[in-house]
Amino acid sequence: MHPLSSSSPPQLPNDSSDSGVSAERRLREAEERLREAIEELQRRQRRARGLYPPCDHADESCVANAIGNVCQSFLLSYGVRVGIGILLRAFKLARGQSYSSLLDLKQLVSEKDLIVREEACRIGLLFGGFTGSYHALRCLLRKLRRKETPLNAILAGSVAGLAILALDDSNRRRTLALYLLARLAQCAYNSAKTKNRFHLWGSHWSHGDSLLFALACAQVMYSFIMRPESLPKAYKDFIQKTGPVAAPVYKAVKDCCRGSPVDVASLHAYLSKAKGSNTMKLEEFPSIIPCSVIHPGTNSCLVHNANAAAATFRKTFPLYFSLTFVPFVVLRLQKFMDAPTRTCWYALTGAVRSTTFLSAFVGIFQAAICSHRKVASKDHKLVYWVAGALSGLSVLLEKKARRGELALYVLPRAADSLWYILVNRHLLPAIKNAEVPLFCACMGGIMYYLEHEPDTMAPFLRGLIRRFLASRISNPTPPSNRSASYTYLHTLDAMKEPKVPDNRETETLTAEKYNLESIPGL
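Everything numeric in this text was worked out from a predicted model, so none of it was measured.

### Here's the deal with the nonpolar core
Soluble, globular proteins show a tendency: their nonpolar side chains are buried together.
Point 1. Ranked by size, the top nonpolar core spans 50 residues in total, and within it Phe 213, Ile 225, Val 249 and Phe 325 carry the most contacts.
Point 2. For this core, the element with the most residues is helix H7 (residues 208–226), which contributes 9 residues.
Point 3. Beyond its immediate stretch of four places on either side in the chain, Phe 325 contacts Leu 87, Phe 336, Cys 344 and Ala 347.
Point 4. Grouped together as the second largest cluster of nonpolar side chains are 28 residues, Leu 180, Cys 442, Met 457 and Ile 465 included.

### Examining the packing of H7 against helix H15 (residues 382–391)
Point 1. Where H7 meets H15, the axes come as close as 7 Å, and the angle between the chain directions of the two elements is 140°. Between H7 and H15, the crossing angle belongs to the class labelled oblique. Between H7 and H15 lies a crossing of right-handed hand. Contacts from Ala 214, Leu 215, Cys 217, Ala 218, Gln 219, Met 221, Tyr 222 and Ile 225 in H7 reach Tyr 384, Trp 385, Gly 388 and Ala 389 in H15.
Point 2. Classifying every residue of the contact of H7 with H15 by side-chain character gives 10 nonpolar, 2 polar and no charged.

### Details of the environment of Asn 307
Point 1. Looking at where Asn 307 falls in the secondary structure, it is placed in helix H12 (residues 301–331).
Point 2. Overall, Asn 307 belongs to the partly exposed group, its relative accessible area being 43%.
Point 3. Along the chain, Asn 307 and Gly 363 lie 56 residues apart, while their C-alpha atoms are 8.6 Å from each other.

### Description of empty space enclosed by the protein
Point 1. Per the stated rule, a full pass over the model turns up 1 cavity of 30 Å³ or more.
Point 2. One number sums up the size of the largest cavity: a volume of about 60 Å³.
Point 3. Lining the largest cavity we find Ile 225, Val 245, Val 249, Tyr 250, Val 253, Ile 294, Gln 366, Ile 369, Arg 373 and Tyr 384.
Point 4. Secondary structure elements with two or more residues in the lining of the largest cavity: helix H9 (247–258) and helix H14 (340–375).
Point 5. Across the lining of the largest cavity, the residue classes tally to 8 nonpolar, 1 polar and 1 charged.

### Quick word on the confidence of the model for the chain
Fine structural detail should not be taken from predicted coordinates in areas where pLDDT scores are low.
Point 1. Confidence in the prediction for the chain averages 78 pLDDT; 76% of positions are at 70 or higher.
Point 2. Across the chain, the secondary-structure element scoring lowest on mean pLDDT is helix H21 (residues 504–514), at 41, and the one scoring highest is H15, at 93.
Point 3. Counting contacts from residues 1–13, a segment whose pLDDT is below 50, to residues more than four positions away or on other chains yields 0 contacts.
Point 4. Taken together, the stretch residues 496–522 has pLDDT below 50 and engages in 25 contacts with residues farther than four places along the chain or on a different chain.

### Topic: helix H8 (residues 233–242)
Point 1. Taken together, the buried positions of H8 are Tyr 235, Ile 239 and Thr 242. An end-on view of H8 places all buried positions within 70° of arc, on one side of the element. Summarising the geometry of H8, the exposed residues directed more than 90 degrees from the buried face are Lys 233, Ala 234 and Lys 241.

### Some remarks on the packing of aromatic side chains
Point 1. Applying the stated criterion across every chain, the model contains 8 aromatic pairs.
Point 2. Ring centres of Phe 74 and Tyr 78 lie 5.9 Å apart, and the angle between their planes is 20°; on these two criteria the pair is classed as stacked. Separated by 4 residues within a single helix, Phe 74 and Tyr 78 lie in helix H2 (residues 62–95), roughly one turn from each other.
Point 3. Relative accessible area serves as the criterion here: at 27%, Tyr 78 is assigned to the partly exposed category.
Point 4. Taking 6.0 Å as the distance between ring centres and 15° as the angle between the ring planes, the aromatic pair formed by Phe 130 and Tyr 134 counts as stacked. Here Phe 130 and its partner Tyr 134 are both found in helix H4 (residues 117–145), 4 residues apart, which amounts to about one turn of the helix.
Point 5. Residue Tyr 134 is classed as buried on the basis of its relative accessible area of 1%.
Point 6. Above the face of the Tyr 235 ring, Arg 413 is positioned so that its terminal group lies 4.3 Å from the ring centre.

### So, the side chain of Glu 405
Point 1. Tracing the backbone through its elements, the reader meets Glu 405 in helix H16 (residues 400–424).
Point 2. A relative accessible area of 15% places Glu 405 in the buried class.
Point 3. Discounting chain neighbours no more than four positions away, the residues touching Glu 405 are Tyr 179, Arg 183, Ala 458 and Phe 460.

### Some words on the packing of H9 against helix H10 (residues 264–271)
Point 1. Two elements in contact, H9 and H10, have axes separated by 9 Å at closest approach and are oriented at 145°. H10 is crossed by H9, and the crossing has left-handed handedness. Here Pro 248, Val 249 and Ala 252 of H9 lie close against H10, whose contacting residues are Ser 266, Leu 267 and Tyr 270.
Point 2. Its residues placed into classes, the contact of H9 with H10 shows 5 nonpolar, 1 polar and no charged.

### Observations concerning the environment of Arg 227
Point 1. By secondary structure assignment, the location of Arg 227 is in the loop between H7 and H8.
Point 2. For the pair Arg 227 and Tyr 420, spaced 193 residues apart in sequence, the C-alpha separation works out to 9.5 Å.
Point 3. Within the structure, Arg 227 has its side chain in polar contact with the side chain of Asn 424 (distance 3.0 Å).

### So, the side chain of Thr 131
Point 1. By secondary structure assignment, the location of Thr 131 is in helix H4.
Point 2. Judged by relative accessible area, Thr 131 falls into the buried class, the value being 1%.

### Some thoughts on the pattern of salt bridges
Point 1. Following the criterion strictly, the structure yields 16 salt bridges and no others.
Point 2. Its salt-bridge partner being Glu 148, residue Arg 142 comes within 2.6 Å of it at the nearest N-O pair.
Point 3. For the salt bridge of Asp 237 with Lys 233, the shortest nitrogen-to-oxygen distance reads 2.9 Å. Of this pair, Asp 237 and Lys 233 both sit in helix H8, separated by 4 residues, roughly a single helical turn.

### Remarks on the environment of Leu 151
Point 1. Mapped onto the fold, Leu 151 is located in helix H5 (residues 150–160).
Point 2. Between the alpha carbons of Leu 151 and Gly 444 there is a distance of 9.1 Å; along the sequence they are 293 residues apart.

### Some remarks on a nonpolar patch on the surface
Point 1. Where nonpolar side chains cluster on the molecular surface, the patch consists of Leu 211, Leu 215, Ile 364, Leu 382, Trp 385, Val 386, Leu 390, Leu 393 and Leu 396 and spans about 760 Å² of accessible area.
Point 2. For the nonpolar patch, the secondary structure elements donating two or more residues are H7 and H15.
Point 3. If one sorts the elements of the nonpolar patch by residue count, H15 sits on top with 4 residues.
Point 4. Summarising the element assignment, Leu 396 is placed in the loop between H15 and H16.

Conventions we followed
As a convention, each chain's residues are numbered from 1 in the sequence order in which they are written. This being a predicted model, a pLDDT of at least 70 is required before a residue's local features are given, and a value of 80 or more before pairs of side-chain atoms are given or counted; all residues contribute to the totals for chains, interfaces and linings. Only hydrogens and water are set aside; all other atoms, that is, all heavy atoms of the structure, feed into the side-chain values. What makes a nonpolar core is a set of buried Ala, Val, Leu, Ile, Met, Phe, Trp, Tyr and Cys residues whose side-chain atoms join them at distances within 4.5 Å. Buried, partly exposed and exposed residues are distinguished by accessible area as a fraction of the type maximum, computed with a 1.4 Å probe on protein chains only: under 20%, between the cut-offs, and over 50%, respectively. Only runs of H or I of at least four residues qualify as helices and only runs of E of at least two qualify as strands under DSSP, and these elements are numbered from the N terminus. Residues count as neighbours in contact if any of their non-hydrogen atoms are within 4.5 Å of one another. Between N-to-C directions, angles span 0 to 180 degrees; the directions come from axes that are lines fitted to C-alpha atoms, helices contributing only their stretch in contact. Any angle between 65 and 115 degrees counts as roughly perpendicular, while under 35 counts as roughly parallel, over 145 as roughly antiparallel, and the rest as oblique. Should the near helix be turned counterclockwise from the far one by less than a right angle, the crossing is left-handed, whereas a clockwise turn marks it as right-handed. Any residue that is not Ala, Val, Leu, Ile, Met, Phe, Trp, Tyr, Cys, Pro, Asp, Glu, Lys or Arg is counted as polar, Gly included; the first ten are nonpolar and the last four charged. Every definition here rests on a 1 Å grid over the protein atoms only: cavities are sets of points where a 1.4 Å probe fits but cannot get out, pockets are open sets enclosed by protein on both sides within 12 Å along at least five of seven lines, and lining residues have some atom within 4 Å of a point. Grid points are joined across faces, edges and corners, and a volume is the space filled by probe spheres set on the points. As a per-residue measure, pLDDT reflects the predictor's confidence and takes values from 0 up to 100. The arc in question is the one spanned by the directions pointing from the helix axis to the C-beta atoms. Between 30 and 60 degrees the pair is tilted, below 30 it is stacked and above 60 it is edge-to-face, where a pair is any two Phe, Tyr or Trp rings, Trp via its six-membered ring, whose centres lie within 6.5 Å. Each ring is checked for a lysine NZ or an arginine CZ that lies within 6 Å of its centre and within 35 degrees of its normal; such an atom marks a charge sitting over the ring. Counted as a polar contact is a pair of N or O atoms within 3.5 Å, where, for protein atoms, one must be capable of donating a hydrogen and the other of accepting one, and residues adjacent in sequence contribute only when both atoms are in side chains. A side-chain nitrogen of Lys or Arg and a carboxyl oxygen of Asp or Glu constitute a salt bridge if their distance falls within 4 Å. Patch membership requires more than 30% relative accessible area and the absence of a salt bridge. Residues of like charge join within 9 Å; the nonpolar side chains Val, Leu, Ile, Met, Phe, Trp and Tyr join within 5 Å. Note on areas: Shrake-Rupley, 1.4 Å probe, and residue coverage restricted to the protein chains presented here.

Here it is in structure tokens:
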């Protein structure tokens with residue numbers, strides 16, 4: 001063999017590819033420098049003339065723009081809440097085999113059975129009030145400060161966050177505030193990580209979101225068993241109705257773990273209603289509550305867990321289908337009208353997958369509790385923390401994109417419960433109505449990241465805010481009196497967008513038929 005035959009051939013294609021990437025990078029850097037220069041020139045011109053930055057709604061006044069956003073967001077949020085209520089009512093009537101009543105509007109939407117009007121109005125006032133206030137404040141700050149800076153978005157978002165007062169329930173306000181706090185922390189972390197300033201160990205793990213969800217579920221389920229008063233009543237009732245164990249049994253388990261006397265009378269009253277449980281002997285200070293008390297109607301733990309998972313699926317499927325179908329129809333009306341069958345199929349498959357995840361969660365939690373009673377003779381409160389963590393692994397049944405959303409949804413619940421426990425033990429101070437300033441501060445940060453660093457936000461949250469809360473930010477009306485430099489800036493943005501099909505105009509005309517934003521006044 002020739003001695004030169006072992007040498008690798010020259011990598012000309014890779015060199016040309018590297019040079020192409022380098023040239024594209026230099027082009028982008030030049031575009032960014034040109035953009036900054038043009039923006040600085042515009043700022044100096046406006047400062048010299050005493051002008052303020054123009055708004056993004058040149059075809060209508062600032063007041064009309066704010067009122068239009070109020071009406072649009074109010075109607076969208078009101079429609080979503082009422083639609084979910086009507087669909088759940090329809091499932092309830094169908095479950096009672098009263099199919100003819102589905103066509104009777106008195107039974108379907110009567111205020112006696114469908115009590116959602118006040119809640120829907122409050123949600124509409126929250127979303128509509130925030131959106132309208134935010135747009136009005138942005139316009140006002142442009143005129144007062146005569147410049148457009150990130151501080152404008154922070155101030156407008158913070159002040160507009162006072163719309164949270166439309167909700168009269170402090171628990172719901174605190175839940176929303178903690179949820180936004182988790183989202184704001186996610187944006188701040190992603191921003192720092194992108195700029196190579198900070199990153200957590202293990203952030204590159206492919207199942208880090210599942211681990212976070214499991215840890216949050218551990219705290220929530222521990223609180224549900226040992227400190228139920230630390231959870232919001234609605235959330236606690238949802239867990240109670242979803243699970244197969246009765247409330248007196250949970251209370252007996254809590255008293256047993258704490259060494260308190262068990263309420264034998266309430267347990268006897270519950271067990272007397274169960275089949276074959278009248279002669280069961282109960283102690284006031286038991287070392288552990290046996291499986292025969294947890295599921296008195298079934299001797300087999302395996303059968304009990306399977307029945308619990310199946311019952312959870314039947315009970316929660318209408319809820320998940322409503323939460324999937326109604327927002328998709330209301331917020332994406334044009335897509336639903338174009339392909340209603342496909343929309344219904346997506347909603348059905350998504351609801352089945354989410355319901356299966358929750359059913360597995362309940363089954364694993366009950367299996368962990370029963371397994372502990374097979375090998376141990378004394379109960380301990382940490383068992384329920386571990387059981388909650390194990391059941392949280394059922395989130396792997398969900399799509400990858402949904403796992404992070406679920407983790408950030410449960411995390412505020414866990415943090416709220418932990419905060420309550422620490423305050424109750426006098427380790428942290430109790431501040432009345434602290435959720436209102438927390439919500440305002442979080443909204444200021446969220447709106448900053450939405451407008452100036454949108455890539456740091458989760459796609460779900462970014463799309464929801466742009467479409468639901470501030471849709472006119474994502475689709476501003478192109479003004480007619482812009483300078484040439486402004487037009488060039490938008491030309492640079494257009495160069496980065498992917499090409500669209502030739503039939504875009506046809507799709508736009510079709511979309512206007514079913515798009516709520518195309519209706520005058522909305």
